[in-house]
Amino acid sequence: MTKPNRILVIGDDARSFLSVVRSLGRCGCIVDVLMHRPNIVSASSRYINQNHKIAPVAQDAEKWLRGMAHLQREYEYDLIIPCDDSALLPFMRLLDSPAFAEGEMDSLKAATIATPGSRAFDIFYDKKKTLKACNELYIPVARRADAVAGSFEDLTFPLVLKPNSSFTLENLASKDCVSILHNMEEANHAIADLPVPAAYFLEEFFDGVGIGISVLASAGLVTHAFQHIRIDEGVSGGSSLRQSMPLDKRMLTEVERFADYADLEGVAMFEFRQNRQTGAYILLEVNARFWGSLPLAIYAGVDFPALLLARQAEKLLNLPRPLPVRCTAPARLTKYKMGRRARALTASFYDTLRKIAAANGLAEKANAVLPVFAGGLRVLVLREKVDSFAFLDPKPFWVETTGLLSMVLKGVSRRLGLSTLLRARRARKIMQKLATGRRPLQRILILCYGNICRSPYAAAVLEKALEKAANTTQKIDSITVCSAGFHMVEDRGSPADALETAAQHSVRLEKHRSRFADAGSIEAADLIIVFDEQNENDLAAFYPDAKARCLNLGDLQVKPQDITDPYGRGPEAFSTCYVAIDAATAQFTALLETP
């Protein structure tokens, strides 16, 4: 009997990553995963066999690749699938780097990794090169100019400021997003703030709707294609609701020509924008890996992960079941169900809240809510699905739903004035647990997002308070305090406003450098102190077992409330923040001293 294939899927989101895991799991594969950060929605899938832990790619890409090579030597994966740019970039840019000792990467170099090919990667992962290729192929694109003052005077506002690449090897921790500029003043300010203007460009905004054509290709030949239209587009640029539609022959022809020009291998999504009145369109960009709207394509009948697996099997793999013969018919003959919709539940939830907040009067608010009920009816008649839901793998949906319900209940409690009482009660319970618990309080970890503003200041203040209190009681004599953050980029200093305001409170932060809150530091802490609900949510998502050891410092204020992040909000915000931390820390120390 042929053994099942073992696949490693890299990513973490609840759309492309989860869809790939489910698709390959249904194919009978053993699916291991490597998540950049724990995502409790994706991680709850029944199809995940093993969740590996290695050093985060955003901290040290070379160290991450060494960890990948170790995994490949140990498990001998038949296929490795990077589902996002931060995983794909190290494979494409560093795998042949002279930084690695001879033979160190042999296991990875011999592995089958789902990449778009070197030529396609080079073109598609630099937007300027993408635009240059479009010009050579006469594919319509928006008018553009370099991000230099005075270079865009011939362009018409609004303009879109774009990075050449959304991710770079130097910064894999965060995506560099686009921004919309409405006038010359905004444009000049935005350009002046750019760290490296040459890494950005400006283009005219094209009025229309988002259209995506997703493809599977082999040596530049497109064999399968799927098209969708964005129904709801969020403020961040993503779509919360998409619908399948027939392939547009003109756009598909552009895609086929471009795929052949780039010698595309594997999957990609070509993102267009089309004016539905005139029919005119432009190509915006190409994502040469699995994309966010993948759940819709699979729901409509084009299972790209399974097709990719079949394509790889034709070359290298030995699957335990017969595979479809390679499709050599034109991609325009790809069959799928039209009019099917897929909804990103969390994004749709926030989009609806935004629409309700912007609505004037009950009628407009009702119009903002009605599409949600209509979507529920379409789900019942199997014409719409929620991205995270699958009949054979329901847990990710329930995890996402309960998370949203928890946020709703917290919002209601704030409206009713109950949150203050609940937060004070929660703080008392945690402090009582510290006083009576079997685990002695020896190590306190203070967390915020960036570890450059709130947590280093609070750690310094708490250390001073504990040192002073230790002179009068042996109870807290052995407690050590450290700080960290959820942001993966380390060794950053505190901003000028933090340094100046902290100095006014007799705290020096000049020598502080940020560090990432890794699993080791979380597990070693007897108590984890955070500042707001977002910190709590991040901790619960990344390290669910640590939730019971978490205290929101803001809950110890006279009026329990979050101590919000002052970053980028000026000296007054820092002063307010640090005064609140001083008061809450004093209360915390006093409660520790209480018998």
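Think of each chain on its own: its residues are numbered from 1, step by step along the sequence as written. Confidence filtering applies because this is a predicted model: local features only for residues at pLDDT of at least 70, side-chain atom pairs given and counted only at 80 or more, and all residues used for totals across whole chains, interfaces and linings. The side-chain quantities take in all heavy atoms of the structure and omit both hydrogens and water.

Colleague: Would you explain empty space enclosed by the protein in this entry?
Modeller: Where empty space is left can be seen by rolling a probe of water-molecule size over the atoms. Buriedness of a pocket was judged along seven lines, with at least five required to meet protein on both sides within 12 Å; pockets are open sets of points on a 1 Å grid over the protein atoms alone, cavities are sets where a 1.4 Å probe fits but cannot get out, and lining residues have an atom within 4 Å of a point. Grid points are joined across faces, edges and corners, and a volume is the space filled by probe spheres set on the points. Tallied over the full model, the rule gives one cavity of 30 Å³ or more. Reported here for the largest cavity is a volume of approximately 30 Å³. Around the largest cavity, the lining residues are I446, A458, L462, I529, L553, T585 and F588. To qualify as a helix, a DSSP run of H or I must reach at least 4 residues; to qualify as a strand, a run of E must reach at least 2; elements of each kind are numbered from the N terminus. Listing elements by their share of the lining of the largest cavity, those giving two or more residues are α16 (454-469) and α20 (571-593). Residue classes follow a fixed rule: Ala, Val, Leu, Ile, Met, Phe, Trp, Tyr, Cys and Pro count as nonpolar, while Asp, Glu, Lys and Arg count as charged, and any other residue, Gly among them, counts as polar. Its residues placed into classes, the lining of the largest cavity shows six nonpolar, one polar and no charged.

Colleague: Which parts of the structure should I look at to understand the layout of surface pockets?
Modeller: In this structure, the second largest pocket spans a volume of roughly 1000 Å³. Looking at the second largest pocket, it is lined by 38 residues, and the ones nearest its centre are V379, K385, V386, F389 and F397. Breaking the lining of the second largest pocket down by element, the ones donating at least two residues are α1 (16-26), α10 (294-300), α12 (345-358), α13 (361-380), β15 (384-386) and α14 (395-415). In terms of residue class, the lining of the second largest pocket is made up of 23 nonpolar, six polar and nine charged.

Colleague: Would you take a moment to explain the packing of aromatic side chains for this structure?
Modeller: Given two aromatic rings, their pairing is described by the distance between the two centres and the angle made by the two planes. Here is the rule: rings of Phe, Tyr and Trp (six-membered ring for Trp) pair when centre to centre is within 6.5 Å. Planes less than 30 degrees apart are stacked, more than 60 are edge-to-face, and the remainder are tilted. Taken as a whole and assessed by the stated rule, the structure comprises 18 aromatic pairs. With a centroid separation of 5.3 Å and 75° between ring planes, the pair formed by F349 and Y350 is classed as edge-to-face. Burial classes: relative accessible area under 20% of the type maximum marks a residue as buried, over 50% as exposed, and values in between as partly exposed (1.4 Å probe, protein chains only). Judged by relative accessible area, F349 falls into the partly exposed class, the value being 22%. Owing to a relative accessible area of 41%, Y350 belongs among the partly exposed residues under this scheme. In this structure an aromatic cluster arises from ring pairing among F124, F258, Y261 and F270. The residue whose ring lies beneath R119 is Y261, and the NZ or CZ to ring-centre distance is 4.7 Å. Here, over-ring charges are defined by two tests on the NZ atom of lysine or the CZ atom of arginine: distance to the ring centre within 6 Å, and angle to the ring normal within 35 degrees.

Colleague: I would appreciate a short explanation of the sheet that holds strand β3 (residues 48-52) in the present structure.
Modeller: Two orientations exist for strands paired in a sheet by backbone hydrogen bonds: parallel and antiparallel. The sheet built from four strands is open, its strands ordered β3-β2-β1-β4 with parallel pairing. Bordering the open sheet on either side are β3 and β4 (79-82), each of which pairs with just one other strand. Across the sheet, the axes of successive neighbouring strands diverge by a mean angle of 25°, strand direction being ignored. When DSSP finds two or more bridges between two strands, those strands count as paired. Direction of pairing for strand β2 (residues 30-35) relative to β3: parallel, over a ladder of four bridges. Among the inter-strand pairings, L34 is bridged to a residue of β3, identified as H52. Note on contacts: a residue pair qualifies if any of its non-hydrogen atoms lie within 4.5 Å across the two residues. Angles here are taken between N-to-C directions and fall from 0 to 180 degrees, while the axes themselves are lines fitted to C-alpha atoms, restricted in helices to the stretch in contact. Lying on the sheet, helix α3 (residues 61-75) is in contact with β1 (6-11), β2, β3 and β4; it crosses β1 at an angle near 160°.

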